[in-house]
Structure formats: structure tokens, C-alpha cells
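# Architecture at a glance
One-letter residues, chain by chain:
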Amino acid sequence: MIPNFSYTRAKSVDEAIRYLSLDGARAHAGGTDLLGCLRDHVLDATTVVSIAGLKELKGIGPTPAGGLRIGSLTTIAEIASHPIIRSKYRALSMAAAEVASPQLRNQGTIGGNLCQKPRCWYYRGEFHCLRKGGDQCYAVEGENLYHCIFGGENCFIVHPSDTASALAALQASVVIAGPNGQQTVAVENFHVPPSEDYTRETVLEPAEIVTEIILPAPADGLQSSYRKVRARRAWDFALAGAALAIVFSGDQAVDCRVALSGAAPVPWRATEAEEVVKGSRLDPDRAAKAAEAAVKNAEPMEQNKYKIPLFRGLIEQQLTAIAQAGSR
Ligand SMILES: Cc1cc2nc3c(=O)[nH]c(=O)nc-3n(C[C@H](O)[C@H](O)[C@H](O)COP(=O)(O)OP(=O)(O)OC[C@H]3O[C@@H](n4cnc5c(N)ncnc54)[C@H](O)[C@@H]3O)c2cc1C
Ligand code: SF4
């Protein structure tokens, strides 16, 4: 049962920040994750502050620098179908189209997708694990089929968002508003690894909210893509996902970013793979070497060793496909 809380609809960002400064207050955007967390007692809240009516946090439009501004309340469905995102930031539209189910994409927002809570079954269940303030990680000795193969320390979740990896590959930034004003943080630095602090997922301080996401102007020759492997064709989180953003000049890959989902507690840059690709003619042999490099430093747990060949195959296949698109 959902516990009792008071519910307030903020009429402006400033008002939302004021309400969120109250002890035990939580932001509510589409509610697809928050309400489940409250119902399952993963979190508690004394006040739920709806930001859903804030028009200034909605919509997609150009930035003066030639990029794109996406309001944090923009739904995942709008992002998946937006014509500019589909043509210029393809990895993001592909990732958004892979999120959950049509109903959830229509209700869930991009801000909520970046700030959603982990899906570890111990965390979502009745286990008072390290991340919930307890003294142990149950996944270490327990069921760790879906846990991380990179970046695990103390806690071994995988970051659940598909869009976060695509945004990291595309070098997007997050604009944050809070009691101390506004700041911009690269998506890549927005999520907090457990080695730094295993009790939080993002850099957001109390009463701070994400107001918008900024995509830089796409470089000439940019090709990007996202692919996800999941256990079922129905809605499911990524067992393995990879976002690629490669800048081609002729048949040379002059720049490359690879960001993985389902791999680590935060969207994970596969920098070893990027180095193999950068400055090369991305042929099938190079794609295979890059995919091998991507998984070279993986540290699987007892039950998730299958993720290594899965990521290797996924990355190789995707690099080969993007090279064909880039050289056309
Ligand atoms: C069954 C199911 C399947 C799913 N499958 C996938 C999947 O395959 N891939 C994937 O990426 N996601 C998946 N999700 C997650 C889903 O995409 C998110 O629930 C959704 O995007 C969250 O958006 P929301 O607006 O509903 O957030 P809410 O539920 O309103 O909020 C989620 C969290 O973010 C905080 N928050 C919301 N907006 C802001 C903001 N602007 N600033 C600061 N904090 C904020 C809230 O306080 C809360 O803690 C799934 C969810 C469900 C329930
Ligand atoms: S992986 Fe993290 S969230 Fe899951 S049980 Fe361990 S500490 Fe908790």
C-alpha cells in the first residue's frame, strides 16, 4: 500500500524548489518510478511535489549554439518520435524507443528517466542493503545475474536508463536548478558511482531538480546509434546496451564515443574501445578489436559472466553497422 503523504502541485520552478526544501519532500514528474518506489517502501516521502504542470520544463527546441534543448518533462515518447532527434541525434531516439512500454513512454519523462532508482531486486525488495542504509550488499553472495561487470564497488547495480547512455555518448549536459541557483553538468558526470557514494545515484542535492537537457550541435559527419539486448521482447531493462557516437571524415572515424548501459552503476564509457576506433578506417577487423578492448577489463560476478560475450558481440555488430552507414 502507498503510505500517506501530502501532495502539492508547484506552479513555478522556484515554488517547486521551495516545497522540495521541506524535509521528506520528493519530486513527482510522470510518477512511473516514484509511485512504485513509494508503494514498495523503497523510499518514503512526507510531501510529494508535482512538477508535472510546469510548462517551462516541457518541449524540445533549438539552442542559440545550434544544438537542442529538451525540457526535463518532455516524455520519452516525444523524444523517440521527434524529427530532429531522429535525424541528428539518432542514438537518443533509438534509446528512447527502447524504453519500457508505449504506456510508460507516454507518461515517463526524460528527467525522471535520468533520476530513476536502481532496479536491483534486493533494493526493490525487503532487503535493507547497503544502498538503503544497511550494512551489506546482498548481491555479492546472492543472485547477481543482472548486476554490473564494470565499476562495481560496495554496490553492484547497473544503471537502469537507456537514454542516459545515449546522452552520454552524444555529450549532452543536464541543467540543474536549486536553492543555490542554476548549474550545468555533463550527463557523463551526473550519476555518482558507488566508489564515491553508494547511497546516492545522482549529484542532485536536496531540493534540486533537472530543468533541461542540452545537446550540443552535431559535428559534421556524426553517426550515432543505440542498441539494447533484453531478456524478453516485451518491456524489459537492458541486459546489455551500447550507444555509439562516431564522427566520420570520409572513411576515417575521427572521433568516437561508446557508452554502455546494463554494464555498470553509471552509464559506462568504453574508452578502451574508443581508442581503437579513433583515427582508423573502421573495417570489420577494427570493429572486432574495439569490441574486444571494450570488455577487456570487465569484472563479472558469479552469475553474470554471460555479459562479456554479449557486450563484445553487440559492440562489434553495431560498430560494423555504423561504419557502413558512415561511409555511405
Ligand atoms: C515496468 C517498467 C519498465 C521500465 N523499463 C525501462 C527501460 O526499459 N528502460 C529505461 O530506461 N527505463 C525504464 N523504466 C523506467 C522509466 O523509464 C522511468 O520510470 C521513467 O522514465 C521515469 O519518468 P517519470 O517522469 O515517470 O519519473 P518519476 O517516477 O516521476 O520520478 C522518478 C524519480 O526521479 C525523480 N525526478 C523526476 N523528475 C525529476 C526532475 N526533473 N528533477 C529531479 N528529479 C526528478 C523523482 O523524484 C523520482 O525519484 C521502466 C519503468 C517501469 C515502471
Ligand atoms: S547491488 Fe547495491 S542495491 Fe543491490 S543489494 Fe547490493 S548494495 Fe543493494
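For the structure itself, look to the data block above.
First, a word on what this report is: a plain description of the structure on this page. Throughout, a residue's number is its position along its own chain's written sequence, starting from 1. Written order decides the labels, with chains lettered from A and ligands numbered from 1. At least 70 in pLDDT is required for a residue's local features to be given in this predicted model, at least 80 for side-chain atom pairs to be given and counted, and no such filter applies to totals for whole chains, interfaces and linings, which use all residues. Side-chain metrics rest on all non-hydrogen atoms present in the structure, leaving aside hydrogens and water.

## Topic: the overall build of the protein
To be explicit about the condition: A run of DSSP states H or I qualifies as a helix once it reaches four residues; a run of E qualifies as a strand once it reaches two. Both are numbered from the N-terminal end. Our radius of gyration is a C-alpha quantity, and the globule rule it is checked against amounts to 2.2 Å times the number of residues to the power 0.38. The buried label goes to any residue with under 20% of its type's maximum accessible area, the exposed label to any with over 50%, and the partly exposed label to all in between, with areas taken from a 1.4 Å probe on protein chains only. Areas reported here follow the Shrake-Rupley algorithm with a probe of radius 1.4 Å; residue values treat only the protein chains shown as occluding. Positive charges come from Lys and Arg, negative ones from Asp and Glu, while His and the chain ends are left out of the count. For this purpose, a charge sits on NZ of Lys, CZ of Arg, CG of Asp or CD of Glu.
The secondary structure content of the protein amounts to 13 helices and 13 strands. Computed over the C-alpha atoms, the radius of gyration of the protein is 19 Å, within 12% of the 20 Å expected from 2.2 N^0.38 for a compact globule of 328 residues. In terms of principal-axis extent, the alpha carbons of the protein reach across some 60 × 50 × 35 Å. Counting over 328 residues, the protein shows a buried share of 54%. Approximately 14,800 Å² of the protein is accessible, and the part contributed by carbon and sulfur atoms is 49%. Distance between charge centroids for the protein: 7 Å, based on 34 positive and 35 negative side chains.

## A short note on the site of ligand 1
Operational definition: Nearness of a residue to a molecule or strand requires only that one of the residue's heavy atoms be within 4 Å of it. Polar contact criterion, stated in full: a pair of N or O atoms within 3.5 Å, where within protein one must be able to donate a hydrogen and the other to accept it, and residues adjacent in sequence count only if both atoms are side-chain atoms.
Taken together, 32 residues form the shell around ligand 1, and within it Ala 27, Gly 31, Thr 32, Leu 34 and Thr 109 come nearest. A distance of 3.4 Å is found between a nitrogen atom of ligand 1 and a side-chain nitrogen or oxygen belonging to Gln 116. The set of elements that each furnish at least two residues to the shell around ligand 1 consists of strand S2 (25-28), helix H7 (110-115) and strand S8 (209-215). Counting residues per element, the shell around ligand 1 draws most heavily on H7, at 4 residues.

## So, the sheet that holds S2
Rule in force here: In this scheme, strands are said to pair when DSSP sees at least two bridges between them. Under this scheme, a helix contributes an axis fitted over its contacting stretch, all axes are lines through C-alpha atoms, and angles between N-to-C directions fall in the 0 to 180 degree range. In what follows, a contact means two residues having at least one pair of non-hydrogen atoms within 4.5 Å.
Taken in spatial order, the 3 strands make up an open sheet running S1-S3-S2, and their pairing is parallel. Bordering the open sheet on either side are strand S1 (6-9) and S2, each of which pairs with just one other strand. Strand-to-strand twist across the sheet, computed as the mean angle between neighbouring axes with direction ignored, equals 25°. Bridge count for S1 against strand S3 (residues 47-50) is 4 bridges, and the pairing is parallel. Looking across to S3, one finds that Arg 9 is bridged to Ser 50. Of the strands in this sheet, S1, S2 and S3 touch helix H1 (residues 13-20), which is tilted by about 145° from S2.

## Describing H1
Taken as a whole, H1 has its buried residues at Val 13, Glu 15, Ala 16, Ile 17 and Leu 20. Structurally, H1 contributes buried residues whose contacts are with S1, S2, S3, strand S6 (173-178) and S8.

## Things to note about the packing of aromatic side chains
Threshold: Think of it this way: a Phe, Tyr or Trp ring, Trp meaning its six-membered ring, pairs with another when their centres are within 6.5 Å, and the plane angle makes it stacked under 30 degrees, edge-to-face over 60, tilted otherwise. Consider the ring centre and the ring normal. A charge sits over the ring if Lys NZ or Arg CZ is within 6 Å of that centre and within 35 degrees of that normal.
All chains considered together, the criterion is met by 5 aromatic pairs. On the numbers, 5.4 Å between centres and 55° between planes, the contact of Trp 121 with Tyr 146 is tilted. In this pair, Trp 121 sits in helix H8 (residues 121-124) while Tyr 146 sits in the loop between helix H9 (138-141) and helix H10 (162-169), placing the two residues 25 residues apart along the sequence. In textbook terms, an aromatic cluster arises when at least three aromatic residues are bridged by ring pairs, as seen for Tyr 122, Phe 127 and Tyr 138. When the ring centre of Tyr 123 is taken as origin, the NZ or CZ atom of Lys 132, which lies over that ring, is 5.8 Å away.

## Here we look at unusual backbone geometry
The backbone of His 41 shows a phi angle near 60°, a positive value even though the residue is not glycine. For Gln 171, which is not glycine, the phi torsion reads 60° and is therefore positive. Within the secondary structure, Gln 171 is located in the loop between H10 and S6.

## Some points on the pattern of salt bridges
Rules: The salt bridge definition used is simple: a Lys or Arg side-chain nitrogen within 4 Å of an Asp or Glu carboxyl oxygen.
As enumerated under the stated definition, the model contains 18 salt bridges in all. Two residues, Arg 131 and Glu 201, come together in a salt bridge whose shortest N-O distance is 2.9 Å. Placement of Arg 131 in the loop between H8 and H9 and of Glu 201 in the loop between strand S7 (181-186) and S8 is noted, with a sequence separation of 70 residues between them. By relative accessible area, which is 7% here, Arg 131 ends up buried. A relative accessible area of 9% means that Glu 201 is categorised as buried. As a salt-bridge pair, Arg 200 and Glu 205 come within 3.5 Å of each other at their nearest N and O atoms.

## As for the nonpolar core
Stated formally: As used in this record, nonpolar core signifies buried Ala, Val, Leu, Ile, Met, Phe, Trp, Tyr and Cys residues forming a set joined through side-chain atoms within 4.5 Å.
Ile 70, Leu 92, Leu 167, Val 174, Phe 190, Ile 213 and Leu 215 are the most contacted members of the largest nonpolar core, which has 35 residues in total. For this core, the secondary-structure elements that each account for two or more residues are strand S5 (68-71), helix H3 (76-81), helix H5 (90-97), H7, H10, S6, S8 and strand S10 (240-249). For this core, the element with the highest residue contribution is H10, accounting for 5 residues. Once you skip the residues sitting within four places of it in the chain, Leu 167 turns out to touch Leu 92, Ile 110, Leu 114, Ala 172, Val 187, Ile 213 and Leu 215. Core analysis: the second largest hydrophobic core is formed by 33 residues, Ala 242, Ala 270, Ala 273 and Phe 311 among them.

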